[in-house]
Amino acid sequence: MSLDWIYNAISWILLRWHALWDAIGIPDGRVLGTNWAWILAIIFLVVTLRIILFPVFVKQIKSQRAIQALQPKVKALQEKHKGDRETLQKEMMELYRTEKANPLMGCLPMFLQIPVFFGLFHVLQHLDPSISEKYKLLYGWSLEQFDSAANAHLFNAPISAKFGSTATELAAVGADAMTVKVLAGVLVLIMMATTFLTSRQMILKTGWAEDPQQKMIQRLMLYGIPFSLLISGSLFPIGVVIYWVTNNLFTLAQQQWVLRKFPPIQMNKGAAATSSARPAGSGSRNGAASPVQPARTGGLFGRKSAPEPVSPVAETKALAPKPGAKPVNPKKGTRPANKPKG
């Protein structure tokens, strides 16, 4: 299947943003060793994509909330079908289908960005000044635009170069090997750190999943993907790493906003409510537990102090005479002797 439509789309967005910055007056030449018009074009490629995917991101959050709300039912199924993994999976899929909660929705935004990532990867690798004019005109580029992008730099390192570029590849774009390796190495480390932080932020806000399959996906997102970038990052052009870091920073800000607008379900509160609804004597074999929940008695030692005044106060009230009642003489045997004859 041809992916030219992706390459054409990525090129079109890059060229439109570059033309905009050029029209605004951002110089096409290098300032501080950087061609800012092309760097901003890559950054705003991220902005364009994230605006398009924003509704999908909101659906992702809502789906995760729905799955989180189903955790008590998931736990009940796990207890019911303990040891029968096949039946458990069928029951859980049926539960998700009935409640319209899709476990795969959590990965959907990332999957949708993969074609864009590989499209940009291909377009930047294509920026080789040594190729023929025929291939320079692919994907809607003019010769002038192609040569400008092929010679675009970030702090004196070409955006088409990568940490693993050979000496021949670097010589073709007039790059210094040490400058490229240092800048690419720093950017790859930032890419790993921001990838970890985006996953960590989401997990801290929504909590770890109870479902083992979902929890495994969370661990993969948190540790596996950032670690894999240590090796694969050396193969990414600097422009792609800029895209990835910008995308992560955008994700951090977007997640923070969405998580405030759609706050996580507080499962602990539900557990507390369930606990407080239990009968007063259910916490003790003798039925002598205090009706006041320990968490509400105040302090670490509330459990000891709360029941003590209850018993004597109740007994005192039981022995006290009712208002308006005549005092009772305990010596009932002496009363007939005091009665008048008659």
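Basis of the calculations
Residues numbered from 1 in each chain as written. Predicted model: local features only at pLDDT ≥ 70, side-chain atom pairs only at ≥ 80, totals over all residues. Heavy atoms only, no water. Helix = DSSP H or I, 4+ residues; strand = E, 2+ residues; numbered from the N terminus. Contact = heavy atoms within 4.5 Å. Areas by Shrake-Rupley, 256 points an atom, 1.4 Å probe, with all protein chains shown as cover. Axes fitted to C-alpha atoms, helices over the stretch in contact; angles between N-to-C directions. Parallel < 35°, antiparallel > 145°, perpendicular 65-115°, else oblique. Left-handed = near helix turned anticlockwise from the far one by under 90°. Nonpolar A, V, L, I, M, F, W, Y, C, P; charged D, E, K, R; others polar. 1 Å grid on protein atoms, 1.4 Å probe; cavity = no way out; pocket = protein on both sides within 12 Å on 5 of 7 lines; lining within 4 Å. Points joined across faces, edges and corners; volume = space filled by probe spheres on them. Core = buried A, V, L, I, M, F, W, Y, C linked by side-chain atoms within 4.5 Å. Buried < 20%, exposed > 50% of the residue type's maximum accessible area, 1.4 Å probe, protein only. Arc of directions from axis to C-beta. Polar contact = N/O pair within 3.5 Å; in protein donor to acceptor, adjacent residues only side chain to side chain. Expected span 1.5 Å × (residues − 1). Patch = residues over 30% accessible without salt bridge, like charges linked within 9 Å, V, L, I, M, F, W, Y side chains within 5 Å. Salt bridge = Lys/Arg side-chain N within 4 Å of Asp/Glu carboxyl O.

Caption draft 1: Seen up close, the overall build of the protein. Secondary structure summary: the protein contains 14 helices and two strands in total. Here the contacts in the protein between residues at least 6 apart in sequence split such that 69% fall between residues at least 24 apart. Of the accessible surface of the protein, which amounts to about 21200 Å², a share of 64% is contributed by carbon and sulfur atoms.

Caption draft 2: Representation of the environment of Val56 within the structure. Relative to the assigned elements, Val56 resides in helix 2 (residues 36-69). In sequence terms Val56 and Leu112 are 56 residues apart; their C-alpha atoms lie 9.5 Å from each other.

Caption draft 3: Seen up close, the packing of helix 1 (residues 4-24) against helix 2. Direction vectors running N to C along helix 1 and helix 2 enclose 125 degrees, while the axes themselves pass 8 Å from each other. With respect to their mutual orientation, helix 1 and helix 2 come out oblique. When you trace helix 1 past helix 2, the crossing you get is right-handed. Note on element contacts: helix 2 touches helix 1 through Ala37, Trp38, Leu40, Ala41, Ile42, Phe44, Leu45 and Thr48, opposite Ile10, Ile13, Leu14, Leu15, Trp17, His18 and Trp21. Class assignment for the residues of the contact of helix 1 with helix 2 results in 13 nonpolar, two polar and no charged.

Caption draft 4: Summary view of empty space enclosed by the protein. Enumeration according to the criterion identifies one cavity of 30 Å³ or more in this entry. Considering only enclosed or pocket space, the largest cavity measures out at about 40 Å³ in volume. What lines the largest cavity is simply Leu14, Trp38, Ile42, Leu124, Leu127, Trp141, Ala149 and Ile159. The residue inventory of the lining of the largest cavity, partitioned by class, reads eight nonpolar, no polar and no charged.

Caption draft 5: Fine view of the nonpolar core. By size, the foremost hydrophobic cluster in this structure holds 51 residues, and its most contacted members are Leu120, Trp141, Phe236, Ile238 and Tyr243. Only helix 1, helix 2, helix 5 (108-125), helix 7 (143-150), helix 9 (177-206) and helix 11 (238-261) provide two or more residues apiece to this core. Looking at this core element by element, the count peaks at nine residues for helix 2. Other than its neighbours up to four places away in sequence, Phe236 contacts Phe117, Phe121, Ala161, Lys162, Met191, Leu229, Val241 and Trp244. Leu70, Leu77, Leu88 and Met92 belong to the second-largest nonpolar core, a separate cluster that totals nine residues.

Caption draft 6: Main features of the packing of helix 1 against helix 5. Close contact between helix 1 and helix 5 brings their axes to 9 Å; oriented N to C, the two are set at 75 degrees. In terms of axis orientation, helix 1 runs roughly perpendicular to helix 5. Here Ile6, Tyr7, Ile10, Ser11 and Leu14 of helix 1 lie close against helix 5, whose contacting residues are Pro115, Val116, Phe118, Gly119, Leu120, His122 and Val123. A breakdown of the residues in the contact of helix 1 with helix 5 according to their chemical character gives nine nonpolar, three polar and no charged.

Caption draft 7: How the structure looks around the environment of Ala175. Its location among the elements puts Ala175 in the loop between helix 8 (167-172) and helix 9. Among the residues examined, Ala175 registers a relative accessible area of 16% and is labelled buried. Each C-alpha atom, one on Ala175 and one on His153, is 9.3 Å from the other, the two residues being 22 residues apart in sequence. Ignoring any residue separated from it by four or fewer positions in sequence, one finds Ala175 in contact with Pro158, Leu170 and Val180.

Caption draft 8: Main features of helix 3 (residues 71-80). For helix 3, the complete set of buried residues consists of Gln71, Val74, Leu77 and Gln78. Seen from one end, helix 3 has its buried residues packed into an arc of 115 degrees, which puts them on one side. Among the exposed residues of helix 3, those pointing more than 90 degrees away from its buried face are Glu79 and Lys80.

Caption draft 9: Main features of the side chain of His153. If you trace the backbone, His153 turns up in strand 1 (residues 153-154). Of note is the side chain of His153, whose polar atom sits 2.7 Å from the backbone oxygen of Asn151. Sequence-distant contacts of His153, defined by excluding residues within four places in its chain, comprise Arg30, Gly33, Thr34, Asn35, Ile39, Pro158, Ile159 and Val173.

Caption draft 10: Highlighting helix 10 (residues 212-232). With 21 residues, helix 10 extends 28 Å from end C-alpha to end C-alpha; this agrees with the ideal 30 Å at 1.5 Å per step. Looking at helix 10, one finds that the buried residues are Gln214, Gln218, Leu222, Pro226 and Leu229.

Caption draft 11: Expanded view of unusual backbone geometry. Positioned with a positive phi, Leu32 is a non-glycine residue whose angle comes to about 60 degrees. By secondary structure assignment, the location of Leu32 is in the loop between helix 1 and helix 2.

Caption draft 12: View of a nonpolar patch on the surface. On the surface, Leu108, Met110, Phe111, Leu112, Ile114 and Phe118 cluster together to form a nonpolar patch covering roughly 500 Å² of accessible area. Of note, Met110 is situated in helix 5.

By themselves, these observations are geometric and do not establish any function.
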